[in-house]
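This is what each chain is made of:
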Amino acid sequence: MVSTQSVGVIGGPTEKSQRLRWWRVHDNGGVSSTLSFLFVSFMLFSSIGFLYTYTMYKSPNYSVGCEEDSEGSWSIGVFYGDSPFSLKPIETMNVWKNTSAAWPVANPIVTCGSVTDSGFPSNFVADPFLYVQGDVLYLFFETKNSITMQGDIGVAKSFDNGASWEQLGVVLDEEWHLSYPYVFDYNDQIYMMPEGSKKGDLRLYRAVNFPLKWELEKVILKRPLIDSFIIKYESRYYLFGSDHTRVSTKKNGELEIWYSNSPLGPWKPHKKNPVYNTDKGTGARNGGRPFVYNKNLYRLGQDDGETYGKRVRVFKIEVLTPYNYREVEVEFGLPKPTKERNAWNGARSHHLDTQQLPSGQWIAVSDGDRTASGDMSHRFIIGSLLLFSTGLLVLIMGMLLGFVRCIVPLSWCPHNIKKRTDAFFVWERSSHLSSRVRQCCTQLNRVTAVLRCKMNPKTSLGRFAFLVILIGSIVLMCVGLGYIYGGSGAREPYSVDHHYSQFTLLAMTYDARLWNLKWYIQHYSRCSSVREIVVIWNKGTPPDVTEFDSAVPVRIRVESKNSLNNRFKLDPLIKTKAVLELDDDIMMSCDYIERGFKVWRQNPNRLVGFYPRLVNGPGPLTYRAEKHARKFNGYNMILTGAAFMDHRAAFGRYWSEEARVGREVVDELFNCEDVLMNFLYANATSTGPTVEYVKPSWSFDTSKFSGVAISENTQSHYRVRSKCLEKFTDLYGGLSEKVEFKRRKDGWDM
């Protein structure tokens, strides 16, 4: 028989109170150290994340407007052709605009930036419709207000056939979202029928002071139709639109038709409504203005299969009556973008309006986006998961260091609850769930001890594991922040006066460097503003252009003589004013190529490049590396192995009679063609700098891996170039004045 006193000693209040006191001390200590570690880790990693984000991701170009948006970053481009089935983008038409530094003008021609700078903050522009009035083109489009976050209707005007546009402002702003501003004539009046489905009806507006002032003419249909147009066919008017509010309607796969004797109504439903209620990728939803060509009527429809607004499909309408409807899809032939996210319409384009001009030429405007639908949300989810993974790694790091003693606080466990009712005791004894919870908490808390035992930070394995986890945490955090704040990853071009342009890339090489060239073309052909790549083939059997993975045309110009002078040979087949002379062994980011192109467009009379040099006296002229220029805070030479120039002016100077002796020196030494070009530029003007520098964030020389570089022996190479400096100084005088670093406001010359 066991006494009451012995029971009290073994399991009574004394032992219980000691056990609780032990848990309280150890549990509080563990929680305290864990919270302290997590707080310090949070502050440290937050600081690293802030510095990384601040350094890598600059603020947008506009304080209000052009903000990243979950609906995309739509913009508008213009196309021309002899028919609606032979449309090509404006950059292929060689339209030059000297006043906007666009040689040639390139798409897009209207962006959120041009609208924002006109005084109407815009996140994107889309759904363009043209209205032709003599020699003047008016462009109506949806502009998403950056403040109200709803669509308004904007308008722009062009006097030069769509090459440049003057923003006139917002002409229709309701309390609800507006888009798809279908503009048409009827009885000598100009009408607009925008989508306003949020209001629940379809409204017709009439111009009272075209194009700036409109007033409501009539609610023509009390149905929330979206992307609607009115077309006269034979003796009737037909209204096409989609209603996504009906029961069993398939979103973006529904199309209805209505008919009337007048655009003002009354409208009667087609006998087969809805004429489509099918898959969203079939093109049921309208994608722009219908058009007539060769007496046939065509309808444009959105393909929303892979992503919203993926592309526009064209359908030939064969039967259209109040009782029947039939259409068949036809091939449109609009060029597909090849540069993916680096193209303004690389991911999707869901709207097009094409019309015939009085000249007989066809013109079209289309919208486009470089990212798929929901891209911002997708990146936020991935970034958040990566940041959560960073937190888990930090927790594991705390376990290794001993700051985190338990994963689940002991106070969370059912057996540690202080106030325990009789009902709870009954539940605890009988509940299988309670037992499993206690067992799970115990197993989780053992992880810390097991992990610390197997990877003690005092051992080599423990220190290595700690280092790997620390580096992994930082990498995951930076990648996660990149997904959230770094944008879509597209390398976009930079506009000048809200215009874009293109350049030709020239690379001089020979057969021993073919592997360099393949990598080079694959990379640079995806840069936004590259129109064509010309390979100057100096020696050996030239490759077939089909060997290259290129997003732009590649032309191989085979030379009869192996000469460095071939780099600047006059080439009438080049269609752009700007050329980028870029050695085939130089690799750098497309973003910095685009920065250099923008700076050149602002200074087209200069050599604009990425490798500065300073040649100064007194004493004998000596060729030195970039660190010499940095030491004296300035440069007066830009290496043309990576430089933008006006090829007509530059190549004309290089092959002039004045430069003949200099070219002979280049052939004799097989060096210094870039030095000669700098002297010729300096000799062409007596005032102002002739060179401009742009600093790349990174670049590397791929020829170092193969040992085929001309300048492999640096010291010997520099001695030869020093001789060139002396000869060219005697022939052409000195170089231009020194230009200081950190001189420009853009900060790209630091």
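Since this is a predicted model, take the numbers as computed values, not measurements.

This next bit is on the environment of Phe-548. Position of Phe-548 among the secondary structure elements: in the loop between strand 23 (530-537) and strand 24 (554-558). On a C-alpha basis, the gap between Phe-548 and Lys-518 in space is 5.8 Å, while along the polypeptide they are 30 residues apart. Apart from residues no more than four positions distant in its own chain, Phe-548 is found in contact with Leu-514, Leu-517, Lys-518, Ile-521, Pro-543, Val-554 and Ile-556.

Turning next to the confidence of the model for the protein. Confidence along the protein averages 88 in pLDDT terms, with 87% of residues attaining 70 or more. Within the model, the stretch residues 1-12 combines pLDDT values under 50 with five contacts to residues more than four positions away or in other chains. Across residues 18-29, where pLDDT falls below 50, the model places eight contacts with residues more than four positions away in sequence or in other chains.

Throughout the structure, instances matching the rule amount to 45 salt bridges. Two residues, Glu-532 and Arg-555, come together in a salt bridge whose shortest N-O distance is 3.3 Å. With Glu-532 in strand 23 and Arg-555 in strand 24, this residue pair connects regions lying 23 residues apart in the sequence. Grouping residues by exposure puts Glu-532 and Arg-555 together as buried.

Those places that UniProt annotates as "transmembrane region" (unreviewed entry) correspond, in this numbering, to residues 35-54, 380-404 and 464-485. When the span residues 35-54 is considered, its composition is 100% helix and 0% strand, and the gap between its end C-alpha atoms is 28 Å. Helix makes up 100% of residues 464-485 and strand 0%, with an end-to-end C-alpha separation of 31 Å.

As for its placement among the helices and strands, Ser-501 is situated in the loop between helix 7 (460-485) and strand 22 (503-509). For Ser-501, the side chain forms a polar contact with the main-chain nitrogen of Trp-103, separated by 3.0 Å. Only 2.6 Å separates the side chain of Ser-501 from the backbone oxygen of Pro-104, close enough to count as a polar contact. With residues near it in sequence (within four places) discarded, Ser-501 still touches Ala-101, Ala-102, Trp-103, Pro-104, Ala-106, Ser-529, Phe-597 and Arg-601.

Our next topic: the sheet that holds strand 2 (residues 88-89). Within a beta sheet, neighbouring strands are joined by backbone hydrogen bonds and run either parallel or antiparallel to one another. Read across the open sheet, the four strands follow the order 2-1-21-20; overall the sheet is antiparallel. Each end of this open sheet is capped by a strand with a single partner; those strands are strand 2 and strand 20 (352-356). Strand direction decides the pairing type here: strand 1 (residues 75-81) and strand 21 (residues 362-368), joined by seven bridges, are antiparallel. By the bridge assignment, Tyr-80 is partnered in strand 21 with Ile-363.

Position of Trp-74 relative to the elements: it lies in the loop between helix 2 (13-56) and strand 1. According to the relative accessible area criterion, Trp-74 is buried, its value standing at 3%. When the C-alpha positions of Trp-74 and Asp-367 are compared, they lie 6.4 Å apart, and in sequence the two are 293 residues distant. From its side chain, Trp-74 meets the backbone oxygen of Glu-71 in a polar contact 3.2 Å long.

Looking now at empty space enclosed by the protein. Counting across every chain of the model gives three cavities of 30 Å³ or more. Lining the largest cavity are Trp-176, Leu-178, Pro-194, Glu-195, Gly-196, Asp-201, Leu-202, Arg-203 and Tyr-205. Contributing elements (two or more residues each) for the lining of the largest cavity: strand 8 (189-195) and strand 9 (202-209). In terms of residue count, strand 9 provides more of the lining of the largest cavity than any other element does, three residues in total. Its residues assigned to classes, the lining of the largest cavity comprises five nonpolar, one polar and three charged.

This part is about a nonpolar patch on the surface. A cluster of nonpolar side chains, namely Leu-467, Ile-471, Val-475, Val-479 and Tyr-483, defines an oily patch on the protein surface of about 410 Å² accessible area. Tracing the backbone shows Val-479 in helix 7.

With respect to topology, four strands assemble into an open sheet ordered 16-17-18-19, the strand pairing being antiparallel. Because the sheet does not close on itself, it has two edges, and the strands there are strand 16 (291-293) and strand 19 (325-330). When strand polarity is set aside, the average angle formed by the axes of neighbouring strands in this sheet is 40 degrees. Direction of pairing for strand 16 relative to strand 17 (residues 296-303): antiparallel, over a ladder of three bridges. Paired with Phe-291 across the strands is Tyr-298, a residue of strand 17.

The subject of this paragraph is the nonpolar core. Formed by 81 residues in total, the largest nonpolar core has its most connected members in Tyr-524, Met-645 and Phe-728. Excluding residues within four positions of it along the chain, Tyr-524 makes contact with Leu-505, Val-530, Leu-582, Ile-586, Met-587, Met-588 and Ile-593. Ranked by size, the runner-up nonpolar core spans 30 residues in total, among them Tyr-180, Tyr-191, Leu-202 and Ile-257.

Our next topic: the pairing of strand 9. By the bridge criterion, two bridges tie strand 8 to strand 9 in an arrangement that is antiparallel. By the bridge assignment for strand 9, Tyr-191 is matched with Arg-206. Where strand 9 meets strand 10 (residues 213-221), seven bridges bridge the pair, whose relative direction is antiparallel. Counted as the bridge partner of Leu-204 is Lys-218 from strand 10. Where strand 9 hands over to strand 10, the hairpin turn is made up of three residues, counted between the paired strands.

A word on unusual backbone geometry. The amide bond that connects Gly-265 to the next residue, Pro-266, takes the cis arrangement and shows omega of 0 degrees. Tracing the sequence through the fold places Pro-266 in the loop between strand 13 (254-260) and strand 14 (268-269). Here the bond from Asn-273 into Pro-274 is cis, since omega is -10 degrees, no more than 30 degrees from zero. Turning to its location among the elements, Pro-274 is positioned in the loop between strand 14 and strand 15 (276-277). The phi dihedral of Asp-127 is positive, around 50 degrees, even though this residue is not glycine. Phi at Tyr-180 is positive, roughly 50 degrees, even though this residue is not glycine. Inspection of the secondary structure assignment puts Tyr-180 in strand 7 (residues 179-186).

All right, on to the packing of helix 13 (residues 673-684) against helix 14 (residues 714-732) then. Between helix 13 and helix 14, whose axes approach to 10 Å, the crossing angle comes to 25 degrees. Here helix 14 runs roughly parallel to helix 13, going by the angle between their axes. Crossing angle aside, the handedness with which helix 13 passes helix 14 is right-handed. From helix 13, Asp-674, Val-675, Leu-676, Phe-679, Leu-680 and Asn-683 reach across to helix 14, where they touch Arg-721, Leu-725, Phe-728, Thr-729 and Tyr-732. Along the lines of polarity and charge, the residues of the contact of helix 13 with helix 14 split into seven nonpolar, two polar and two charged.

A few words now on the packing of aromatic side chains. With the rule as written, the count across this model stands at 39 aromatic pairs. Relative to Tyr-237, the ring of Tyr-186 has its centre 5.8 Å away and its plane inclined at 90 degrees; by these criteria the two rings are edge-to-face. Within this pair, whereas Tyr-186 is found in strand 7, its partner Tyr-237 is found in strand 12 (residues 236-242), the two being separated by 51 residues in sequence. Per residue, the accessibility class of Tyr-186 equals that of Tyr-237, and both read buried. Seen in terms of ring centroids, Phe-597 and Trp-600 are 6.4 Å apart; in terms of plane orientation they differ by 5 degrees. Their pairing is stacked. Taken together, the residues span about one helical turn, with Phe-597 and Trp-600 both in helix 9 (residues 590-602) at a distance of three residues. The burial state of Phe-597 is the same as that of Trp-600; both residues are buried.

Definitions and cut-offs
- Residues numbered from 1 in each chain as written.
- Predicted model: local features only at pLDDT ≥ 70, side-chain atom pairs only at ≥ 80, totals over all residues.
- Heavy atoms only, no water.
- Helix = DSSP H or I, 4+ residues; strand = E, 2+ residues; numbered from the N terminus.
- Contact = heavy atoms within 4.5 Å.
- pLDDT = per-residue confidence, 0-100.
- Salt bridge = Lys/Arg side-chain N within 4 Å of Asp/Glu carboxyl O.
- Buried < 20%, exposed > 50% of the residue type's maximum accessible area, 1.4 Å probe, protein only.
- UniProt positions renumbered as here; feature names shortened; annotations may be inferred.
- Polar contact = N/O pair within 3.5 Å; in protein donor to acceptor, adjacent residues only side chain to side chain.
- Pairing = 2+ DSSP bridges.
- 1 Å grid on protein atoms, 1.4 Å probe; cavity = no way out; pocket = protein on both sides within 12 Å on 5 of 7 lines; lining within 4 Å.
- Points joined across faces, edges and corners; volume = space filled by probe spheres on them.
- Nonpolar A, V, L, I, M, F, W, Y, C, P; charged D, E, K, R; others polar.
- Patch = residues over 30% accessible without salt bridge, like charges linked within 9 Å, V, L, I, M, F, W, Y side chains within 5 Å.
- Areas by Shrake-Rupley, 256 points an atom, 1.4 Å probe, with all protein chains shown as cover.
- Axes fitted to C-alpha atoms, helices over the stretch in contact; angles between N-to-C directions.
- Core = buried A, V, L, I, M, F, W, Y, C linked by side-chain atoms within 4.5 Å.
- Parallel < 35°, antiparallel > 145°, perpendicular 65-115°, else oblique.
- Left-handed = near helix turned anticlockwise from the far one by under 90°.
- Phe/Tyr/Trp six-rings, centres within 6.5 Å; stacked < 30°, edge-to-face > 60°.

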